[in-house]
Amino acid sequence: MSALRYPFEPPGCNGELVDVVPGCIKWLRMPLPMALNHINLYLVRDGAGWRIIDTGFDTRATRELWERILPALGEPITGVVCTHHHGDHSGLAGWLTEKLRVPLHMSRTEYFAMRLSRDPSLNSWEYRAYFRQAGLTDEQVEGFAQALSGFAMHSPPAMAYRRLRDGGELAIGDHRWALRAGEGHSPEHIALYCAELGVLLSGDQLLGRITPNVGVLPFEPEANPLEDWLASLDRIAELPDETLVLPAHELPFHGLRTRAAELQQHHRQVLDRVLEFCGQQALTVYGLSRRLFSKRSDTIDTIMAIGETMAHLAFLLAQGRVARTLAASGSHEYRTCGV
Ligand SMILES: [Zn+2]
Ligand SMILES: [Zn+2]
């Protein structure tokens, strides 16, 4: 396994394009209204035009950048591919496909997740129960609900799609891209691998400098996404180590197997810290998340930290290494078994 290498300087979030595979793949960035302040998008040569990989968040700033980039390209867009449904990746899928009258390609689960998750408000008893059981007060849940309402999608969704599925292929121009589904970050995330070019469009499945979020979410509070995530990293690590990885955040890199192993190691370390903290005293998800991720401060970061903490607890709960009880306050408390 080789050390990570980053062969390119990043473009600004201003419509600048970087040729990462000359004549074949261009890299651009769009701004995001959160702590992670950008997403990488790619344009893949498709005959006389270009296929868009991921769309950016549904904001005026991103729409204005697309309005500048599309005419400046001077060549048509032939379709839009979304690696998964998260708002930074698919937020403008409907706007782009409506405007350009081109097809959208996604996995089936991600397409329907995109259709269903346009309003992230916490306006259901199940969602509020998730946060109450995690150890938050009603006032904190109310604050989250207000903050999340700012992330609703405004432009209409794409009303049809073409299905990408694990083990299948997508032809783009002269090249065939093998489709690899991954779970844990998102239910049916698709990464695209081209053996001929030696390139992986990894979406959020493999990122170079940051750890993709793996969280238990309010609509499936008993999920065990970390188990799925670790297995998905094993599968990605089957690809050649010298592959150029084009991720959706941070920098393109070489060192695929090293990075997959580092990410797995990161989660093993978090699991050890969970066992240590919950061995000292019984903790709620929120209490534990403050110890594990003390640097996170804004609302979205706090919500992601809660989901992520829950993912590590669910993994250990399934293995019988932590026990969960429901306290009189209505919160779940976790304690390491056998200490
Ligand atoms: Zn994502
Ligand atoms: Zn992302």
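You'll find the structure just up there.
Residues numbered from 1 in each chain as written. Chains lettered and ligands numbered in written order. Predicted model: local features only at pLDDT ≥ 70, side-chain atom pairs only at ≥ 80, totals over all residues. Heavy atoms only, no water.

What follows is about the coordination of the zinc ion (ligand 1). Protein ligation of the zinc ion (ligand 1) involves His84 (NE2), His86 (ND1), His185 (NE2) and Asp204 (OD), the donor distances falling in the range 2.1 to 2.2 Å. Considering all four donor atoms around the zinc ion (ligand 1), the spread of angles at the metal, 88 to 173 degrees, places the coordination shape in the irregular class. When the donors of the zinc ion (ligand 1) are listed by position in the chain, the intervening gaps give H-x1-H-x98-H-x18-D. For histidine 185, a relative accessible area of 12% puts it in the buried group. (Donors = N, O, S within 2.8 Å, 3.2 Å for Na, K, Ca; no water. Tetrahedral: all angles 85-135°; square planar, octahedral: opposite > 155°, others 65-115°. Buried < 20%, exposed > 50% of the residue type's maximum accessible area, 1.4 Å probe, protein only.)

Glancing now at the sheet that holds strand E3 (residues 38–46). Within the open sheet, the seven strands sit side by side as E1-E2-E3-E4-E5-E6-E7. Their pairing is mixed. Edge positions in the open sheet fall to strand E1 (18–21) and strand E7 (162–164), since each of these has one partner strand only. Each strand of the sheet is rotated relative to its neighbour by a mean of 30 degrees, with strand direction disregarded. Summarising the sheet, strand E6 (residues 104–107) and E7 pair through three bridges and their orientation is parallel. (Pairing = 2+ DSSP bridges. Helix = DSSP H or I, 4+ residues; strand = E, 2+ residues; numbered from the N terminus. Axes fitted to C-alpha atoms, helices over the stretch in contact; angles between N-to-C directions.)

Right, let's get into the coordination of the zinc ion (ligand 2). Looking at the zinc ion (ligand 2), the protein donor atoms are Asp88 (OD), His89 (NE2), Asp204 (OD) and His249 (NE2), and they sit 2.1 to 2.6 Å from it. Metal-centred angles of 87 to 151 degrees between the four donor atoms at the zinc ion (ligand 2) mark the site as irregular. Expressed as a motif, the donor residue spacing for the zinc ion (ligand 2) is D-H-x114-D-x44-H. A separation of 3.5 Å is found between the zinc ion (ligand 2) and the zinc ion (ligand 1), which are bridged by aspartate 204. The pair aspartate 88 / histidine 89 is uniform in exposure class, with both members buried.

A contiguous patch of negative charge, built from Glu183, Glu220, Glu227 and Asp228, is present on the exposed surface. Note that glutamate 183 resides in the loop between strand E9 (175–182) and strand E10 (189–194). (Patch = residues over 30% accessible without salt bridge, like charges linked within 9 Å, V, L, I, M, F, W, Y side chains within 5 Å. Areas by Shrake-Rupley, 256 points an atom, 1.4 Å probe, with all protein chains shown as cover. Salt bridge = Lys/Arg side-chain N within 4 Å of Asp/Glu carboxyl O. Lys, Arg positive; Asp, Glu negative; His and termini not counted. Charge placed at Lys NZ, Arg CZ, Asp CG, Glu CD.)

This part covers the packing of helix H6 (residues 138–149) against helix H10 (residues 299–318). Between H6 and H10, the least distance of the axes is 10 Å, while the angle of their chain directions is 115 degrees. Classified by chirality, the crossing of H10 by H6 is left-handed. On H10, the residues touching Phe144, Ala147 and Leu148 of H6 are Thr299, Ile300, Thr302, Ile303 and Ile306. A per-class count over the contact of H6 with H10 returns six nonpolar, two polar and no charged. (Left-handed = near helix turned anticlockwise from the far one by under 90°. Contact = heavy atoms within 4.5 Å. Nonpolar A, V, L, I, M, F, W, Y, C, P; charged D, E, K, R; others polar.)

This brings us to the sheet that holds strand E12 (residues 244–247). Strand-to-strand pairing in sheets goes through backbone hydrogen bonds, with the strands running parallel or antiparallel. Across the sheet, six strands lie side by side as E8-E9-E10-E11-E12-E13; this open sheet has mixed pairing. Either end of the sheet is taken by a strand with one partner, and the two such strands are strand E8 (169–172) and strand E13 (253–254). Here E12 runs beside E13; their pairing, made up of two bridges, is antiparallel. Its bridge partner being in E13, leucine 244 is matched across the sheet by histidine 254.

The next point concerns the environment of arginine 176. Looking at the element boundaries, arginine 176 is found in strand E9. The class for arginine 176 is exposed, based on a relative accessible area of 55%. Residues arginine 176 and glutamate 196, spaced 20 residues apart in sequence, show a C-alpha to C-alpha distance of 8.1 Å. With residues near it in sequence (within four places) discarded, arginine 176 still touches Glu169, Leu170, Ala171, Tyr193 and Cys194. Of note is the side chain of arginine 176, whose polar atom sits 3.0 Å from the side chain of glutamate 169. (Polar contact = N/O pair within 3.5 Å; in protein donor to acceptor, adjacent residues only side chain to side chain.)

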